[in-house]
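Overview (structure and organization)
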Amino acid sequence: MSLLSLSLLLLLLPLISSQPPPFPFTTSYLIDCGGLNNFTSDLNRTWLSDRFYTGGAPGLVSEPHNFPQPQERTLRFFPPNSYGKKNCYSLPSLPSGRYYLRTFTVYDNYDSKLRSPSFDVSVEGTLVFSWRSPWPETVSKDGAYSDLFAFVKDGVADVCFYSIATDPPVIASLELVQVDPLSYDSSSTGSDLVLVNYGRFTCGSNTFGPGFSDDVDPFGRVWQSDAASRNANSKVRVLSTTNVIANAGRPSNYFPMRLYQTAVTTESRAGGGIIEYFLNVDTRLDYLIWFHFAEIDPMVVEAGQRVFDVYVDGLNVRRIDVYKEVGAFSAFDWHYVVEKLNTTSLSVKFVSVVGPPLISGLENYAMVPLDFSTVPSQVAAMRALKDSLRIPDRMGWNGDPCAPSTWDAWEGVTCHPNPDGSGSLVVTQLDLGSQGLKGYISDQISLLSNLVSLNLSSNSLRGNLPLGMGQKSLVRLDLSNNQLSGAIPDSLGSSSLQLALLNNNELEGQVPEKLYSVGVHGGVIDLSSNRGLCGVPTMPACPFFWENKSISTGGKVAIGLSCVVVLVLLVLMVYICCIRRGRNDYDFALPQDLISIAAKRNRYQRQKSLMLLELETQHTNGFPATMSPL
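Owing to the predicted nature of the structure, the values given are computational and were not obtained by experimental measurement.

Here we look at the overall build of the protein chain
Within the protein chain, the secondary structure is distributed over 9 helices and 37 strands. Going through the 630 residues of the protein chain one by one, you find that 47% of them count as buried. In the protein chain, the proportion of contacts linking residues at least 24 apart, taken out of those at least 6 apart, comes to 68%. When the accessible area of the protein chain is evaluated, it comes to approximately 31,300 Å², of which 56% is carbon and sulfur surface.

Next up, the structure:
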């Protein structure tokens, strides 16, 4: 290698080493809720037309000219009287992992009622946002962004909206971006948490990030100006640089370089002073606070020139010397968990030890534990029943059947904690009588292994009863007044039934004896007004060899034996008629000696006839008759 090439390489090495690796995650959805067409925004972001929703109707803000982005002008709302209290966006085909999700919510009097709605929002079955009327005027008119980080493990991200009273939930846009699963120290905090953003600030800079500026954040995070959250008594000045910041944009958090190119410090260059922020929080939750630093003051050239303490909620939690940690123009991050707060405002202070304190960015996340969710196999069973029973939209069977636990379960569904102590939820009761259902009962009902009571009476259900319907847990069964047909499965007799109402259907065949014994042992059973049930007292006897709308086992054995006998006889006849004749083709001809005797007899008769004829001729002509010996 030449000296010139080596020199160029040495010059470029710091620049090459400062370049972050490419972002390896590509899955994302940007959905314009209520929008009719795909489009590309002025900031070169591709938005999809509205899709993946369970119901609702599109709407338009009353003053669209006040909203610079097209996705902020349209919305989808969910009237509970038509689509039920619970509606969802279910984003499909997602690799398992961690995702950044952001929503834009606006009212802007789209319905001309001058009343903002009250509703809750859940992600993956966990309550994350609550909107209560009346909204602050600026939020109601201009809208608000909300975001979080959550893990998706089943390939579908459910974002659900629950109506309070008769208010229709609303949403204007929905963004989902796959991020590094190890981000925000998930290896320590675990995957069973949702990190809900309570403040993400860039210090000394204006708001930036996708949708707000051309600045790139691979996660899609938006960084707000810190000015509104900073204590007005904190007298600060802004530092900024255009220098490259080492270690920015690195896995697993991929923090953008721009975050570290500005900072705030106290006015006094000689040292001293305090920078304080007030962060919004809710009581009874833990909070994850991320601190971002970079020494971008060219006057600081060695460790010990800038040292300060960090106080969280009045507690001194760490002493920071950025230059000592990473040197100049290099990103340094650190995080701290605040547990069990009992206030609604959290104080974060940076207090001088040597020289003025400095801060580049600050993030505050509520650590929301995942709520209990329904056992996955029972979720699949309930979704299959939703389709097979043709559950109407007004019942709101969307998302998780039982979660969040703070909401009601699906209409007509009762849930309880899983008896196995796993912390999951199970379906214990379905009460869907007189709902106008016109489908059939899916075989997957057998997966509801904790079902105690099933009422599908007075609908228009057709088809056979599933073979796996007799869960041992089943105590009460009412399928009366439908058009169910076929036989009653033996499995129903294996359950713990105390009530079995199957009357007024089109069932037929033999009634399982164990099922009929429900009434004998003190329970209640009604099988009246069916097409052709038989085989138990009070009902006609089943036809000979007939059982459960088919040939019984005994009948099948008798028919099998008869077929064997007939087959043997046929084989015998074939043997007599074909096989023996194959050995002698003349079995039925006359013997040779009999043929010879018959020939002599015939010759004698012919000679005798000729002689008689000759005698008669001679006699007629007058000749004496003579006989010659034979």
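Thoughts on the sheet that holds strand β12 (residues 170–171)
Sheet strands pair by backbone hydrogen bonding; their relative direction is either parallel or antiparallel. What the 3 strands build is an open sheet, ordered β4-β5-β12; its pairing is antiparallel. Among the strands making up the open sheet, the edge pair consists of β4 (57–60) and β12. Examined bridge by bridge, strand β5 (residues 74–77) and β12 share 2 bridges and lie antiparallel to one another. Bridge pairing in β12 links R76 to I171.

Focus: helix α6 (residues 376–388)
Relative to the 18 Å expected for 13 residues at 1.5 Å per residue, α6 spans 18 Å between its end C-alpha atoms, a close match to the ideal helical length. Taken together, the buried positions of α6 are occupied by Q378, V379, A381, M382, A384, L385 and S388. In this structure, the buried side of α6 is in contact with β26 (413–417) and β27 (425–431). One or two positions beyond α6, positive phi appears at R390, with a value near 55°.

Focus: the nonpolar core
Grouped together as the largest cluster of nonpolar side chains are 68 residues, with contacts concentrated most on L148, L174, Y277, F291, F293 and F350. When neighbours within four sequence positions are excluded, F293 is seen to be in contact with Y260, F308, I320, V322, S330, A331, F332, F350, L358, I359 and S360. Counting residues in hydrophobic clusters, the runner-up holds 41 residues, among them I391, V413, L432 and V511.

Considering unusual backbone geometry
The omega torsion of the bond from S133 to P134 falls at -5°, within 30 degrees of zero and hence cis. For P134, the location among the structural elements is in the loop between β9 (126–131) and α3 (137–142). In the segment running from P251 into S252, the intervening peptide bond is cis, with an omega of 5°. With phi around 55°, R390 is a residue other than glycine that occupies positive phi space. Within the secondary structure layout, R390 lies in the loop between α6 and β26. Assessed through its relative accessible area of 57%, R390 is described here as exposed.

Structural notes on the state of the cysteines
The tally for this structure, following the rule as stated, stands at 3 disulfides. Disulfide pairing is shown between C88 and C160; the S-S distance is 2.0 Å. Here the disulfide of C88 and C160 is right-handed, its torsion about the S-S bond being about 105°. Here C160 lies in strand β11 (residues 157–163) and C88 lies in strand β6 (residues 86–91), a separation of 72 residues in the sequence. Since its relative accessible area comes to 3%, C160 is described here as buried. Residue C534 pairs covalently with C542 via a disulfide, S to S 2.0 Å.

Here's the deal with the sheet that holds strand β23 (residues 345–354)
In spatial order, the strands read β18-β23-β20-β21; together these 4 strands make up an open sheet with antiparallel pairing. The outermost strands of the open sheet, each flanked by one partner alone, are β18 (274–280) and β21 (315–320). Shown here is a sheet whose adjacent strand axes are inclined to one another by a mean of 20°, direction ignored.

Overview of the pattern of salt bridges
One pass over the full model with this rule turns up 19 salt bridges. Of the charged contacts in the structure, one is a salt bridge between D158 and R383, with a shortest N-O distance of 3.6 Å. Taken together, the positions of D158 in strand β11 and R383 in helix α6 put the pair 225 residues apart, joining distant regions of the chain. When its relative accessible area of 35% is taken as the criterion, R383 is described as partly exposed.

Describing the confidence of the model for the protein chain
Overall, the prediction assigns the protein chain a mean pLDDT of 87, with 84% of residues at 70 or greater. Taken together, the stretch residues 619–630 has pLDDT below 50 and engages in 12 contacts with residues farther than four places along the chain or on a different chain.

Considerations on the environment of V216
Considering the arrangement of structural elements, one finds V216 in the loop between β14 (193–202) and β15 (224–225). Residues V216 and R258, 42 residues apart in the sequence, show an inter-C-alpha distance of 8.9 Å.

Observations concerning the environment of Y99
Summarising the element assignment, Y99 is placed in strand β7 (residues 97–105). With 120 residues separating them along the chain, Y99 and F219 place their C-alpha atoms 8.5 Å apart. Y99 has contacts with T27, L94, L148, F149, A150, V152, L176, V177, Q178 and V179, leaving out every residue within four places of it along the chain. Among the polar contacts listed, one links the side chain of Y99 to the backbone oxygen of P95, at a separation of 2.6 Å.

Observations concerning the packing of aromatic side chains
The final tally for this structure, using the stated rule, is 39 aromatic pairs. Here F77 and Y110 contribute two aromatic rings whose centre-to-centre distance is 5.2 Å and whose plane-to-plane angle is 45°, an arrangement assigned as tilted. In this pair, F77 sits in strand β5 while Y110 sits in the loop between β7 and β8 (119–123), placing the two residues 33 residues apart along the sequence. Judged by relative accessible area, F77 falls into the buried class, the value being 18%. Plain terms: the ring middles of Y145 and F212 are 5.3 Å apart, the flat faces sit at 65° to each other, and that makes the pair edge-to-face. Of this pair, Y145 sits in strand β10 (residues 144–152) while F212 sits in the loop between β14 and β15, placing them 67 residues apart in sequence. Each member of the aromatic cluster is reached from another via a ring pair, and the members are F23, F25, Y100, F149, Y184, F219, W223, Y254, F255, W290 and Y365. Sitting above the plane of the Y53 ring, R76 keeps its charged end 3.5 Å from the centroid.

Parameters and conventions
- Residues numbered from 1 in each chain as written.
- Predicted model: local features only at pLDDT ≥ 70, side-chain atom pairs only at ≥ 80, totals over all residues.
- Heavy atoms only, no water.
- Helix = DSSP H or I, 4+ residues; strand = E, 2+ residues; numbered from the N terminus.
- Buried < 20%, exposed > 50% of the residue type's maximum accessible area, 1.4 Å probe, protein only.
- Contact = heavy atoms within 4.5 Å.
- Areas by Shrake-Rupley, 256 points an atom, 1.4 Å probe, with all protein chains shown as cover.
- Pairing = 2+ DSSP bridges.
- Expected span 1.5 Å × (residues − 1).
- Core = buried A, V, L, I, M, F, W, Y, C linked by side-chain atoms within 4.5 Å.
- Disulfide = S-S within 2.5 Å.
- Axes fitted to C-alpha atoms, helices over the stretch in contact; angles between N-to-C directions.
- Salt bridge = Lys/Arg side-chain N within 4 Å of Asp/Glu carboxyl O.
- pLDDT = per-residue confidence, 0-100.
- Polar contact = N/O pair within 3.5 Å; in protein donor to acceptor, adjacent residues only side chain to side chain.
- Phe/Tyr/Trp six-rings, centres within 6.5 Å; stacked < 30°, edge-to-face > 60°.
- Lys NZ or Arg CZ within 6 Å of the ring centre and 35° of its normal.

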